[in-house]
Amino acid sequence: MNSEEEFYDAETGLDSDNSSGEYTDTNQRSSQMTLPNQHTSADVERGVQENGVKKHRTTLPAPMFPRNNFSIWSILKKCIGLELSKITMPIVFNEPLSFLQRITEFMEHTYMINKACTQTDPILRMQCVAAFAVSAVASQWERTGKPFNPLLGETFELVREDLGFQFISEQVSHHPPVSAFHAEGLNKDFVFHGSIYPKLKFWGKSVEAEPRGTITLELLKHKEAYTWTNPTCCVHNVIIGKLWIEQYGTVEIMNHSTGDKCVLNFKPCGLFGKELHRVEGYIQDKNKKKLCMIYGKWTECLWSVDPATYESFKKKKK
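The shown structure was predicted, so the numbers you read here are calculated from the model rather than taken from an experiment.

Colleague: For this particular structure, what's the right way to read the overall build of the protein chain?
Modeller: Looking only at helices and strands, one finds 7 helices and 15 strands in the protein chain. Contacts in the protein chain between residues at least 24 apart in sequence constitute 54% of all its contacts with a sequence separation of at least 6. Of the roughly 17,400 Å² of accessible surface on the protein chain, 53% is carried by carbon and sulfur atoms.

Structure representation (structure tokens):
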């Protein structure tokens, strides 16, 4: 086993066995995952509110470890330029959740999918899908703890009657670590699935996470399929100072049925932080004609305006 193939478990620090899962197969595998329609004994034990909605926890199951008396530099000084999945990391870096549980946070704003399903205009549907894609990124804001790596074959299931979806995820590969997920609307109006292969690197003062893998949203009523990949996430000041997160990179959301495309540019904060959290982009048709502009902040909200109006506003601002 050469140095590029070494992988260390966070708990044991020993070389692990190579996984039989392959990253190239995970998209197909995630789309084939199925969800049960009935839940019996476990549902009874959890308890039901008066409106029939099952109770869900509102806090993490355990507090995070404090980092005040921990020398982060003593661990990270040997890791500069390396991929963090190959390094035994102390538990103080983790939050009490697995990565499979963190993926479910993509579904926090499921109402945007439901709104897209009700739109008759494909451009309005694309706007809703773009807002949903950005909202999934927004769940990482101020989340500076690293989730635990799931075991190979580990699964996590979540059913939210109040939000109208059921979700299941599985760790389908250990080296490289790949997580696949599959969600369905309880009204059978959408399917949301994909795989995530996070590449983590430490650059001295920051940790960069590149979420490789394709995400797919299918609107069954309109027979449309949208695909995209998430932007790069970077956590700053991991050695000293206040931790803060930025997202940067280009996200392209493709409607494979109509040929429409939404291009979103997550801007890096820059030297003076003027572009921090800013998102700017546009929706174009299959002939590459810009139909509308999208701008805003991934931590707050997005706006959509006519391209001519937006260009006029930018000229006045300059």
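Colleague: I tried to follow the nonpolar core on my own but got confused; where do I start?
Modeller: The nonpolar side chains of soluble globular proteins are, as a tendency, buried together. Phe190, Phe192, Trp228, Ile253 and Leu264 are the most contacted members of the largest nonpolar core, which has 49 residues in total. The element best represented in this core is helix H6 (residues 122-138), accounting for 10 residues.

Colleague: Whenever I open this one, the packing of helix H5 (residues 111-118) against H6 confuses me. Can you help?
Modeller: Two quantities define a packed helix pair, namely the angle between the axes and the distance from one axis to the other. At their nearest, the axes of H5 and H6 sit 8 Å apart, and the two run at 170° to each other. Between H5 and H6, the interaxial angle falls into the category roughly antiparallel. Between H5 and H6, the contacting residues are Met112, Ile113, Lys115 and Ala116 on the first element and Arg125, Cys128, Val129, Ala131 and Phe132 on the second. A per-class count over the contact of H5 with H6 returns 7 nonpolar, no polar and 2 charged.

Colleague: Even after reading the chapter, I still don't get the packing of aromatic side chains, so can you show me in this structure?
Modeller: The geometry of an aromatic ring pair comes down to the distance between the two centres and the angle between the two planes. For the structure shown, the criterion picks out 7 aromatic pairs. Each ring, one from Phe132 and one from Phe192, has its centre 5.3 Å from the other, and the planes form 80°; the classification is edge-to-face. Of this pair, Phe132 sits in helix H6 while Phe192 sits in strand S6 (residues 190-202), placing them 60 residues apart in sequence. The burial state of Phe132 is the same as that of Phe192; both residues are buried. Ring centres 5.2 Å apart and planes at 50° place the aromatic pair Phe181 and Phe192 in the tilted group. Remark: Phe192 occurs in strand S6 and Phe181 occurs in strand S5 (residues 178-185); sequence separation between them is 11 residues. On the accessibility criterion, Phe181 (0% relative accessible area) is buried. Among the residues examined, Phe192 registers a relative accessible area of 1% and is labelled buried. By the ring-pair criterion, three or more aromatic residues cluster together here, those being Phe106, Phe132, Phe167, Phe181, Phe192 and Trp228.

Colleague: What is the right way to read H6 from this model?
Modeller: Count 3.6 residues to each turn of an α-helix, and residues three or four apart come out pointing the same way. Compared with an ideal rise of 1.5 Å per residue, which puts 17 residues at 24 Å, H6 spans 24 Å between its outermost C-alpha atoms and is within 8% of the ideal. Counting buried positions over the 17 residues of H6 gives 12, a clear majority of the element. For H6, the set of buried residues is Ile123, Arg125, Met126, Cys128, Val129, Ala130, Phe132, Ala133, Val134, Ser135, Ala136 and Val137. With a side-chain oxygen lying 3.0 Å from the backbone nitrogen of Ile123, the N-terminal cap of H6 falls on Asp121.

Colleague: Just checking my understanding: could you explain the pairing of strand S13 (residues 278-284) for this structure?
Modeller: Of all 7 residues in S13, 5 are buried, a share of seventy percent or more. Bridging between strand S12 (residues 261-266) and S13 involves 6 bridges; their strand directions are antiparallel. Each bridged residue has a counterpart across the sheet, and for Val263 the counterpart in S13 is Tyr282. Linkage of S13 to strand S14 (residues 290-297), two consecutive antiparallel strands, is achieved through a turn of 5 residues, within which Lys288 is found at a positive phi near 65°.

Analysis parameters
- Residues numbered from 1 in each chain as written.
- Predicted model: local features only at pLDDT ≥ 70, side-chain atom pairs only at ≥ 80, totals over all residues.
- Heavy atoms only, no water.
- Helix = DSSP H or I, 4+ residues; strand = E, 2+ residues; numbered from the N terminus.
- Contact = heavy atoms within 4.5 Å.
- Areas by Shrake-Rupley, 256 points an atom, 1.4 Å probe, with all protein chains shown as cover.
- Core = buried A, V, L, I, M, F, W, Y, C linked by side-chain atoms within 4.5 Å.
- Buried < 20%, exposed > 50% of the residue type's maximum accessible area, 1.4 Å probe, protein only.
- Axes fitted to C-alpha atoms, helices over the stretch in contact; angles between N-to-C directions.
- Parallel < 35°, antiparallel > 145°, perpendicular 65-115°, else oblique.
- Nonpolar A, V, L, I, M, F, W, Y, C, P; charged D, E, K, R; others polar.
- Phe/Tyr/Trp six-rings, centres within 6.5 Å; stacked < 30°, edge-to-face > 60°.
- Expected span 1.5 Å × (residues − 1).
- Polar contact = N/O pair within 3.5 Å; in protein donor to acceptor, adjacent residues only side chain to side chain.
- Pairing = 2+ DSSP bridges.

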